Amino acid sequence: MPILTLPDGKTLSFDQPVTGRQVAESIGPRLAQKAIGIKVGLEIRDLDRPITADATIRILTPSNEDPDSLFLLRHSAAHVLAEAICALWPRTRLAYGPPIDEGFFYDMQVLDAAGEKVTLSDADFVTIEKKMAEIVKADKPFTRCDVSTDEGLKRTEGDLYKRDNAERAIAKGSQTISFYATGTPGQDWEDLCAGPHVPRTGVLGAVKVMSVAGAYWHGDQTSDQLTRVYGTCFADAKGLQAHLTKLEEAKKRDHRKLGREMALFHVDDENPGQVFWHPKGWSIYRTLEDYIRAKISANGYVEVKTPSVMPKSLWEKSGHWDKYRANMFTTESEKREFALKPMNCPGHIEIFKQGLRSYRELPLRMAEFGSCTRNEVSGALHGIMRVRGFVQDDAHIFCTTAQIPSEVAEFVRLLKEVYRDFGFGDDRIIVKFSTRPALRVGTDAQWDQAEGALADACQKANLSYIVAPGEGAFYGPKLEFTLVDALGRHWQCGTIQVDYQLPSAERLNATFIGEDGTKHHPVMLHRAILGSLERFIGILIEHYAGKFPLWLSPEQIRVLPITDDQLPYAREVAAGLKAAGLRATVDETPDKLGAKIRLARNDRVTYFAVVGEAEVTAGTIALQNQAGEKLGTPTRAELVQRLLAEVAART
RNA sequence: GCUGCCUUAGCUCAGCGGUAGAGCGCGUCCUUGGUAAGGACGAGGUCCUGGGUUCAAAUCCCAGAGGCAGCUCCA
């Protein structure tokens, strides 16, 4: 006798088990027609599976905003993709095809009639999409068929990957094995699948094959390499189009493209993963570095600088030689081995260990714009976001166990303050809290305290977090801060990690004299706000689409004389701005005003000032912003004041 | 690192067995023009590298390097 609670709180009661479709029909015929699935509690289900127990339910209809609806549509679209490819290459062996954030993929081995591997390329997409459109147009029902585990194993006999899936399902305790046919089971195409699916292929109007890539079976490098076909599906063509437009927009904002166009930096082909900063890019970099330097200085940090090259012996003691060797560049001199530092922590401990430390010096917040070099595999490199040489806004806080809560809380507060200055408010920060892993060092009491401090700090800072159980480092729990940019993309930046291990006697043996007059090991908090400056600038370029706010802008204002007659005045205006600490230039080309404006806007100059005869006479300039909005004709003094105020406000 | 695709002028790209091309940018000259491209002329190439096939290779084949996407990893 299920009693079902609807999202608005209304309840429906039934005398006997009902299907989702019957529930929808009892609410209204139009809803029943539109329904593609039902959410029972937290589980999304097919419309025609019976509901036997009380539950809160929600009827799912096609929607571009509802993640549950998209999940269902995309899961079914993956089947249609697989069916289409199987129709074109009947010997294809399917592996696994789940919905993902922006669509779905299907891993498979595509085989031709001779059993040879087929490599799919963009050229095949049209053919596949055409086949998919046929299947959608045929409006075939998704039909579920549950069979016994024995029968399930029999049906997947000889189908390597599906057989494996069935075995895994049984190992996890499945009593039956389910198949979904598009049409009639045993007659039409079918696929081993747990479901759920939409009722008919006809609701999958807006599907698209996006790309192909390689992927490993079970993500295991030593296992079979499969073809992964990516696709996406939306409730309607409008949703799909909006998605494609967003991808286009992301491509336009690509920091590698803008970095070249705006002459910010380059990465040399012969020197992968190393950034050459050009004057304008370096201007952004220095603004960022100066900003962080001022912030941490105001928050009780001291700044240090440690060497890039450090001896193997140090890395052995720190444990990096064991755990991180593959990612380190090494070198040698006079038969001694050295490594370029991949992290700054051992260097900071070396400084901490000079002389005797007293508990009175704690917490000691030691910061460094630390140049790190890591030998990342070539495939991992990406523009300036993922490089081999980068600088972290790193710091290590040496403190006592008792100081952990306040230090973490203080850090989270500072981090929020910094992120806000770049336009990332609370709603654009995602916090991941990684807790104790199975393999770990330290006592449970230490872990309890460290985890409690991290959770507490987030609550105090009004930041909600998602827990990643068991994902902490072996030496301590950590928080990771991810920014959501203007296009909704995620970028992990800040972090804070609790470490009892590195300062311990077994590792680098840092000590201080406590109140009791005996030696103690400090706790170390590894923390960064921006992460790497290179990566953060890459994020900012894409977030702002190259149109930096005034305080970060490499060219804050360009003066555009209408004719050469105004050149001397234009130079005076620019000189006045520069004297006030602003980044100003003059367009000295012989172009017409229209061309100068076009160039200034293409260069993403934040403001430009037109000066003609009228302005020279009046001692003013005609101000305009990047978007081309006219902002009046302030005097030179008013202009300086106005720009300085905007820089100070960081807007 | 693995799989796939790509590599032609500074940039974006066309050409795909038979003399190396376009637009933008760059240089020189003319033009002194009030809000998103004024005009003329010119310079600029190891068609990624090495090997092979061919009378002939930017073009076809093989290997390598680098780039891109994904996988894995990660700031």
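A brief look at the structure comes next. (Residues numbered from 1 in each chain as written. Chains lettered and ligands numbered in written order. Predicted model: local features only at pLDDT ≥ 70, side-chain atom pairs only at ≥ 80, totals over all residues. Heavy atoms only, no water.)

**Focus on the overall build of chain A**
In plain terms, the rule: Every helix listed is a DSSP run of H or I at least four residues long, and every strand listed is a run of E at least two residues long, numbered separately from the N terminus. Any residue under 20% of the maximum accessible area for its type is buried, any over 50% is exposed, and the rest in between are partly exposed; the area is computed with a 1.4 Å probe on protein chains only. Should any heavy atoms of two residues lie within 4.5 Å, those residues are considered in contact. Surface accessibility in these figures is a Shrake-Rupley result with a 1.4 Å probe; residues are shielded only by whichever protein chains are displayed. Neither His nor the chain ends is counted toward charge; the positive residues are Lys and Arg and the negative residues Asp and Glu. We put the charge of a Lys on NZ, of an Arg on CZ, of an Asp on CG and of a Glu on CD.
Within chain A, the secondary structure is distributed over 19 helices and 34 strands. Across its three principal axes, chain A shows a C-alpha extent of roughly 80 × 75 × 60 Å. Burial statistics for chain A: of 651 residues in total, 51% are counted as buried. Once local pairs closer than 6 in sequence are excluded, the contacts in chain A between residues at least 24 apart make up 67%. Counting every atom, chain A has about 30,500 Å² of accessible surface; 50% of that belongs to carbon and sulfur. Distance between charge centroids for chain A: 2 Å, based on 81 positive and 87 negative side chains.

**Focus on the nonpolar core**
The condition is simple: To form a nonpolar core, buried Ala, Val, Leu, Ile, Met, Phe, Trp, Tyr and Cys residues must be joined to one another through side-chain atoms within 4.5 Å.
Formed by 68 residues in total, the largest nonpolar core has its most connected members in Tyr419, Phe422 and Phe481. Among the elements that take part in this core, helix H13 (residues 404-421) stands out by supplying 9 residues, more than any other. In this structure, Tyr106, Val118, Leu120 and Phe125 belong to the second largest nonpolar core, which totals 43 residues.

**Things to note about the pattern of salt bridges**
Using the following cut-off: For salt bridges, the criterion is a side-chain nitrogen of Lys or Arg within 4 Å of an Asp or Glu carboxyl oxygen.
By the definition in use, this model includes 43 salt bridges. With a shortest N-O distance of 3.1 Å, Glu261 and Lys257 are connected by a salt bridge. Of this pair, Glu261 and Lys257 both sit in helix H8 (residues 255-261), separated by 4 residues, roughly a single helical turn. Residue classification places Glu261 among the partly exposed positions, given a relative accessible area of 44%. Put simply, Arg558 and Asp603 hold a salt bridge, and the shortest N to O gap is 2.8 Å. Of this pair, Arg558 sits in strand S31 (residues 557-561) while Asp603 is found in the loop between helix H17 (593-602) and strand S33 (607-611), placing the two residues 45 residues apart along the sequence. Overall, the relative accessible area of 7% leaves Arg558 in the buried class. A relative accessible area of 25% places Asp603 in the partly exposed class. Through salt bridges with shared partners, a single ionic network connects Lys39, Arg58, Asp66 and Asp68.

**A word on helix H4 (residues 122-137)**
The condition is simple: Take the number of residues in a helix, subtract one, and multiply by 1.5 Å to get its expected span.
Spanning 16 residues, H4 covers 23 Å between terminal C-alpha atoms, matching the ideal 22 Å at 1.5 Å per step. On its buried side, H4 packs onto helix H3 (67-88) and strand S14 (206-216).

**Quick word on the packing of aromatic side chains**
Rules: To pair, rings of Phe, Tyr and Trp, with the six-membered ring standing in for Trp, must have centres within 6.5 Å; the planes then decide the type, stacked if under 30 degrees apart, edge-to-face if over 60, and tilted in the middle. Over a ring means this: the NZ of a Lys or the CZ of an Arg is within 6 Å of the ring centre and within 35 degrees of the ring normal.
Taken as a whole and assessed by the stated rule, the structure comprises 13 aromatic pairs. Judged by centre distance (5.1 Å) and plane angle (55°), the ring pair of Tyr291 and Trp551 falls under tilted. Of this pair, Tyr291 sits in helix H9 (residues 279-298) while Trp551 sits in the loop between helix H15 (533-544) and S31, placing them 260 residues apart in sequence. Overall, Trp551 belongs to the buried group, its relative accessible area being 5%. An angle of 20° between the planes, with centres 4.4 Å apart, marks the rings of Phe352 and Phe398 as stacked. Of the two residues, Phe352 sits in helix H12 (residues 345-352) while Phe398 sits in strand S23 (residues 389-399), which places them 46 residues apart along the sequence. Chaining the aromatic ring pairs together yields one cluster made of Phe265, Trp277, Trp282 and Tyr285. Lying across the ring of Phe105, Arg228 places its NZ or CZ 3.7 Å from the centre.

**Some words on unusual backbone geometry**
For the bond from Leu362 to Pro363, the omega torsion is -5°, close enough to zero to count as cis. As for its placement among the helices and strands, Pro363 is situated in the loop between H12 and strand S22 (364-373). The phi dihedral of Ala263 is positive, around 55°, even though this residue is not glycine. As for its placement among the helices and strands, Ala263 is situated in the loop between H8 and strand S16 (265-267). At Ala545, a position not held by glycine, the phi torsion is positive, near 55°.

**Looking at the environment of Ala95**
On the secondary structure map, Ala95 appears in strand S8 (residues 93-96). Judged by its relative accessible area of 0%, Ala95 falls in the buried class. Counting along the chain gives 260 residues from Ala95 to Gly355, while the straight-line C-alpha distance between them is 61 Å. Excluding anything up to four places from it in sequence, Ala95 contacts Tyr106, Asp107, Met108, Tyr161, Lys162, Asn165, Trp217 and Leu226.

**Notes on the packing of helix H16 (residues 567-579) against helix H19 (residues 636-649)**
Note the threshold: Angles run from 0 to 180 degrees between N-to-C directions of axes, and those axes are lines fitted to C-alpha atoms, restricted for helices to the stretch in contact. Should an angle fall under 35 degrees it is taken as roughly parallel, and over 145 as roughly antiparallel, whereas 65 to 115 is taken as roughly perpendicular and any remaining angle as oblique. Left-handed describes a crossing whose near helix is turned anticlockwise from the far helix through less than a right angle; right-handed describes the clockwise counterpart.
The contact between H16 and H19 brings their axes to 10 Å, and the two run at 40°. In terms of orientation, H16 and H19 fall into the oblique class. For the element pair H16 and H19, the recorded crossing hand is right-handed. Across the interface between the two elements, Tyr569, Glu572, Val573, Gly576 and Leu577 of H16 pack against Arg636, Leu639, Val640 and Leu643 of H19.

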